[in-house]
Amino acid sequence: MVQAAQAAGTAPAAAPVEPVGPATPAATGCLERGVGRVLDAAVLLLATWTPVYHLCLLLRWGVGAAVALEVLALAGVAVALRLTRSRRSGRTVPAPGAATATVTVGPGSSGGPVAGADERPPGRRRARGRAPALVVALALAEAVLLAVRAPWPLVAALWLAAAAAGTATAVRALRRATRSGDEPAGAVARPGRSGVVVALVWAAALAVLAGATRWPNPDDLYYVNLSQWTAERGTFPLRDTIFSDEVFPMTSFPPVASYDGLLGTLAHLLGVPAASVAYLVVPSVATALSVLALWRLLRAWRTPLVAVALSLALVFLLWDGGPGYAAPGNLFLIRLWQGKVVLLCLLVPLLLVALLRHAERALATGRSARRDLAALAAGGTAAVGLSTTGIFLVPVLALGGVAPLLVARRWRAAATGFVVASAYPLAAGAVTLAVGGRSADDFAERRLFRFDPSWFGHEIFRDGVYGLVGVAAVLLGALLVPSRAARVTTGALALVVGVTFVPGVTQLAYDLVGLGPTLWRISWAVTVAALVGVLGARLAAGGRRRRLLLPAGVAAALVAAGLPIWSPANGVSLDWPPRYERGLGSVVVAEDVIARAAPGDTVLLPEQDAITLTVLTTRVKTVAPRDYFLDQLRDVPGFRYEQRLLLVRFANGEVVFAPDDEVVAALDDLDVDQVCLLFPEEGEPPYRTTRVVERAQLLLGAGFTPTQRVGRTSCYAR
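Residues numbered from 1 in each chain as written. Predicted model: local features only at pLDDT ≥ 70, side-chain atom pairs only at ≥ 80, totals over all residues. Heavy atoms only, no water.

Visitor: Just checking my understanding: could you explain the overall build of the protein for this structure?
Guide: Scanning the protein from N- to C-terminus turns up 26 helices and nine strands. Sorting the 718 residues of the protein into buried and exposed places 56% on the buried side. For the protein, long-range pairs separated by at least 24 residues make up 76% of all intrachain contacts whose partners lie at least 6 apart in sequence. Entry remark: accessible area of the protein is about 28,800 Å², with carbon and sulfur atoms responsible for 61%. (Helix = DSSP H or I, 4+ residues; strand = E, 2+ residues; numbered from the N terminus. Buried < 20%, exposed > 50% of the residue type's maximum accessible area, 1.4 Å probe, protein only. Contact = heavy atoms within 4.5 Å. Areas by Shrake-Rupley, 256 points an atom, 1.4 Å probe, with all protein chains shown as cover.)

Visitor: Sorry, what's going on with a negative patch on the surface here?
Guide: Together, Asp-660, Asp-661, Glu-662 and Glu-694 line one region of the surface with negative charge. If one sorts the elements of the negative patch by residue count, helix α25 (residues 660-669) sits on top with three residues. Here Glu-662 lies in helix α25. (Patch = residues over 30% accessible without salt bridge, like charges linked within 9 Å, V, L, I, M, F, W, Y side chains within 5 Å. Salt bridge = Lys/Arg side-chain N within 4 Å of Asp/Glu carboxyl O. Lys, Arg positive; Asp, Glu negative; His and termini not counted. Charge placed at Lys NZ, Arg CZ, Asp CG, Glu CD.)

Visitor: Whenever I open this one, the packing of aromatic side chains confuses me. Can you help?
Guide: Note on aromatic pairs: each is described by the distance of the centres and the angle between the planes. What the rule picks out here adds up to 20 aromatic pairs. Measuring from ring centre to ring centre gives 5.7 Å for Tyr-279 and Trp-337, while their planes differ by 85 degrees; the resulting arrangement is edge-to-face. Taken together, the residues Tyr-279 in helix α9 (residues 274-280) and Trp-337 in the loop between α11 (306-318) and α12 (339-365) connect sequence positions 58 residues apart. Trp-337 gets classed as buried once you look at its relative accessible area, which sits at 2%. An angle of 35 degrees between the planes, with centres 5.9 Å apart, marks the rings of Tyr-325 and Trp-455 as tilted. Taken together, the residues span a long stretch of sequence, with Tyr-325 in the loop between α11 and α12 and Trp-455 in helix α16 (residues 453-461) at a distance of 130 residues. Since its relative accessible area comes to 32%, Tyr-325 is described here as partly exposed. (Phe/Tyr/Trp six-rings, centres within 6.5 Å; stacked < 30°, edge-to-face > 60°.)

Visitor: How do you make sense of empty space enclosed by the protein when you look at a structure like this?
Guide: In this approach, a probe sized like a water molecule rolls over the atoms, and the result shows the empty space that is left. Counted under the stated rule, the structure contains six cavities of 30 Å³ or more. There is about 300 Å³ of room inside the largest cavity. Forming the boundary of the largest cavity are 20 residues, of which Leu-317, Leu-344, Thr-527, Val-528 and Ala-529 lie nearest the centre. Of all the secondary structure elements, the ones that give two or more residues to the lining of the largest cavity are α10 (282-300), α11, α12 and α20 (528-539). Per-class residue counts for the lining of the largest cavity are 17 nonpolar, three polar and no charged. Put simply, the second largest cavity is a space of about 100 Å³. Considering the residues around the second largest cavity, the lining is formed by Trp-301, Leu-352, Leu-355, Leu-356, Gly-401, Ala-486, Thr-489, Thr-490, Leu-493, Ala-525, Val-526 and Thr-527. Contributing elements (two or more residues each) for the lining of the second largest cavity: α12 and α18 (484-500). At four residues, α18 tops the list of elements feeding residues into the lining of the second largest cavity. Of the residues contributing to the lining of the second largest cavity, the split by class is eight nonpolar, four polar and no charged. (1 Å grid on protein atoms, 1.4 Å probe; cavity = no way out; pocket = protein on both sides within 12 Å on 5 of 7 lines; lining within 4 Å. Points joined across faces, edges and corners; volume = space filled by probe spheres on them. Nonpolar A, V, L, I, M, F, W, Y, C, P; charged D, E, K, R; others polar.)

Visitor: What should I look at first to understand the side chain of Asp-220 in this one?
Guide: Structurally, Asp-220 is set in helix α7 (residues 220-233). Here Gln-338 takes part through its side chain, which lies 2.8 Å from a polar atom of the side chain of Asp-220. Other than its neighbours up to four places away in sequence, Asp-220 contacts Asn-225, Tyr-279, Trp-337, Gln-338 and Val-615. (Polar contact = N/O pair within 3.5 Å; in protein donor to acceptor, adjacent residues only side chain to side chain.)

Visitor: Explain the pattern of salt bridges here, please?
Guide: When the charged atoms of two side chains lie near each other, side chains of opposite charge can form a pair. Evaluated as defined, the whole model comprises 19 salt bridges. Residue Asp-245 pairs with Lys-621 through a salt bridge whose shortest N-O separation is 3.1 Å. Taken together, the residues span a long stretch of sequence, with Asp-245 in the loop between α7 and α8 (259-270) and Lys-621 in strand β6 (residues 621-622) at a distance of 376 residues. What makes Asp-245 partly exposed here is its relative accessible area of 41%. The partner of Arg-302 in a salt bridge is Glu-360, with the nearest N and O atoms 2.8 Å apart. Here Arg-302 is found in the loop between α10 and α11, whereas its partner Glu-360 is found in helix α12, with 58 residues between them in sequence. Like Arg-302, the residue Glu-360 is buried in the burial classification. Taken together, the shared-partner salt bridges connect Asp-219, Arg-335 and Lys-340 into one network.

Visitor: Whenever I open this one, the packing of α7 against helix α23 (residues 607-616) confuses me. Can you help?
Guide: Any two packed helices are characterised by how steeply their axes cross, that is the angle between the axes, and by the distance between the axes. Running from amino to carboxyl end, α7 crosses α23 at an angle of 30 degrees, the nearest separation of the two axes being 7 Å. Judged by the angle between their axes, α7 and α23 are roughly parallel. Contact with α7, carried on its side by Asp-220, Leu-221, Val-224, Asn-225, Gln-228 and Glu-232, involves Ile-611, Thr-614, Val-615 and Leu-616 of α23 and no other residues of that element. Class assignment for the residues of the contact of α7 with α23 results in five nonpolar, three polar and two charged. (Axes fitted to C-alpha atoms, helices over the stretch in contact; angles between N-to-C directions. Parallel < 35°, antiparallel > 145°, perpendicular 65-115°, else oblique.)

Visitor: Is there a simple way to think about the sheet that holds β6 in this case?
Guide: In a beta sheet, neighbouring strands are held together by backbone hydrogen bonds and run either parallel or antiparallel to one another. The five strands lie next to each other as β6-β5-β7-β9-β8, forming an open sheet whose pairing is mixed. Each having just a single partner strand, β6 and β8 (705-710) make up the two edges of the open sheet. Bridge analysis of strand β5 (residues 602-604) against strand β7 (residues 672-678) gives three bridges, and the strand direction is parallel. The residue of β7 that forms the bridge with Leu-604 is Val-675. Along the sheet face, helix α26 (residues 686-701) touches β7, β8 and β9 (713-717) and points at about 160 degrees away from the line of β7. (Pairing = 2+ DSSP bridges.)

Visitor: Where do I start with the state of the cysteines in this structure?
Guide: Here, the word disulfide means a covalent bond between the sulfur atoms of two cysteines. Per the stated rule, a full pass over the model turns up one disulfide. What pairs with Cys-676 in a disulfide is Cys-715, and their sulfur atoms sit 2.0 Å apart. Taking the torsion about the sulfur-sulfur bond, which here is approximately 105 degrees, the covalent link between Cys-676 and Cys-715 counts as right-handed. Of the two residues, Cys-676 is situated in strand β7 and Cys-715 in strand β9; the sequence distance between them amounts to 39 residues. (Disulfide = S-S within 2.5 Å.)

Visitor: Any chance you could explain the environment of Ala-231 here in plain terms?
Guide: Of note, Ala-231 is situated in helix α7. For the pair formed by Ala-231 and Pro-273, sequence separation is 42 residues and the distance between their alpha carbons is 6.5 Å. The contacts of Ala-231, once residues within four sequence positions are left out, are Gly-264, Ala-267, His-268, Val-272 and Ala-274.

Visitor: I keep staring at the packing of α11 against α20 and nothing clicks. Help me out?
Guide: Interhelical geometry of α11 versus α20 gives an angle of 135 degrees and a closest axis separation of 7 Å. Viewed along their axes, α11 and α20 adopt a mutual orientation that is oblique. The element α11 and its partner α20 pack so that their crossing is right-handed. In this structure, α11 contributes Ala-309, Leu-312, Ala-313, Phe-316 and Leu-317 to the contact, and α20 contributes Val-528, Ala-529, Ala-530, Val-532, Gly-533, Val-534, Gly-536 and Ala-537. Of the residues that constitute the contact of α11 with α20, the class distribution is 11 nonpolar, two polar and no charged. (Left-handed = near helix turned anticlockwise from the far one by under 90°.)

Visitor: Looking at this structure, how should I read a positive patch on the surface?
Guide: Side chains of Arg-33, Arg-37, Arg-82 and Arg-85 sit close together on the surface and give a patch of like positive charge. Elements supplying a minimum of two residues to the positive patch: α2 (26-59) and α3 (63-88). In this structure, Arg-33 sits in helix α2. Look at Arg-33 and you get partly exposed, because its relative accessible area is 45%.

So, in structure tokens, the structure goes:
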């Protein structure tokens, strides 16, 4: 590894030779172009829909107007693309690096030695060769420290040192290539076979697996509820839809993400519940697109043995199960119906590709191309449409993406690329601050351990084998990613991630702008799985006989040490045909309660059943699907915060420090029509069963009668 890293870091000079690697067959070329067009179309849909949605929010227009505007926007883009192609049809526009067919003689290249390739004095060659060795030593030491859970201040300090050393090495290599004048600074050896067939096979297989997995997530009570409101009402809400029909303020405000409105619009047009689109369609489609986006990123990096790299990256994700909601594997196909996870798995790789194309073209030609800038604008806008995380994540990605241009002093191209990519996210952030943006999750009072980087650092990278491989891949990325421009970007982004690992940074960010613990999502910028794939591909580049043994060994270690993300031990169920991403029993309970209720009824259910009901309908309201969703409305007149909190604890089997008459009064004041209670499992302490039996008797005395029992859940109505 040290030899490969040294070869990558020393960046020998290039000579004009014939491109290496087999020619791409016509059929494979058609597949590649088809995959590219599908991915571009997905980004374009999200990018055009987002401003349409925001305009409709502002003007209070409904689904009909939004669909009409979206059709016009897509038609306008189609016309613009046709005009652009017609203007280019009479001229040849060289791709970055195409002016002279050049390859870099280095690890994995089939080019022979070039006379005079390195005429530096021996002392300087040795000094430059020591820099990659230092990066390797620091990166491996950091990987070991995190894997064994060493004291966090030491982990954070060594991460910053390794990332800084890797970035400095990548910067020096790019700067030397830029000054040489012999080649475009981003040009490297062609990667040979594209691996597109392998990518399509993986995409199809994992799309099926995504459809079969079921992993309920409580965040859906907000996101899918918004979609369901649009599906049922044909409008886009600006006020609360969980507790009321836009009577109270929205708990998480403003609703910047357009993705939920898009799913609701599709459900409205199809005449189906929003959950059917979110749970039965999106996971398979988003998974297939995400696999192809990962392949596209590896191709843009010019990774050798792309099929090997992609396969190892997916093995890393598929066996990255277990505790840790921030781990890359748990943010893959088992949660790929949520906008923020689609942002991570689909948009981040594609935005990195767009940034790299912009940087390499500007390095080669000295200017920005309009089509590259259009891709950056679309990517930045689409990211905000998927999740508010895009507001702060896209500027970080953009800064890393233009870092190669800053190194080469292409100031104008760097500024243009950053502004174009970040304009919509920064504007959305400014609007959010101006209107008093808020989140239902109060970071200042709830789960304060989330500010601790020693907690979320291990939530992301875990420990043991996964921590060792993941951290090593990220910190060695500045040496091992073939594209020189991408090396600088990778190193810069790893350095930014390291800043979030410094104790106190998340608390400071919360005090200044209200971000706080969500800064851990900056780690999404380093695309851990893709870098694991690059590590495997570079390990395999040493020789034909053993080229697959090392990545196969890494894959075997990951499988042996990991937990399949689809495993019941990871809390995931496998069902076919696909089902809603909610517990089967809770769906039965919620559907029965909805069938018995009239529009406008209020019901009291245990937490999981309440979340499911909130996802399935906006016509019937729960007292509260989760207790912390009450906090933002604590002081709103008429909300009855204390009574709602009392009843939530009553339904969830928690201790209630209130007499029975206060419980009955709360049921009456909130006009609760149905109540469900969850009885304890066998083997639990007898007092729990006694508590629920006493509460059932209280309901009977208050005029409720039994209606159904599903498993351990008993329901009552009046």
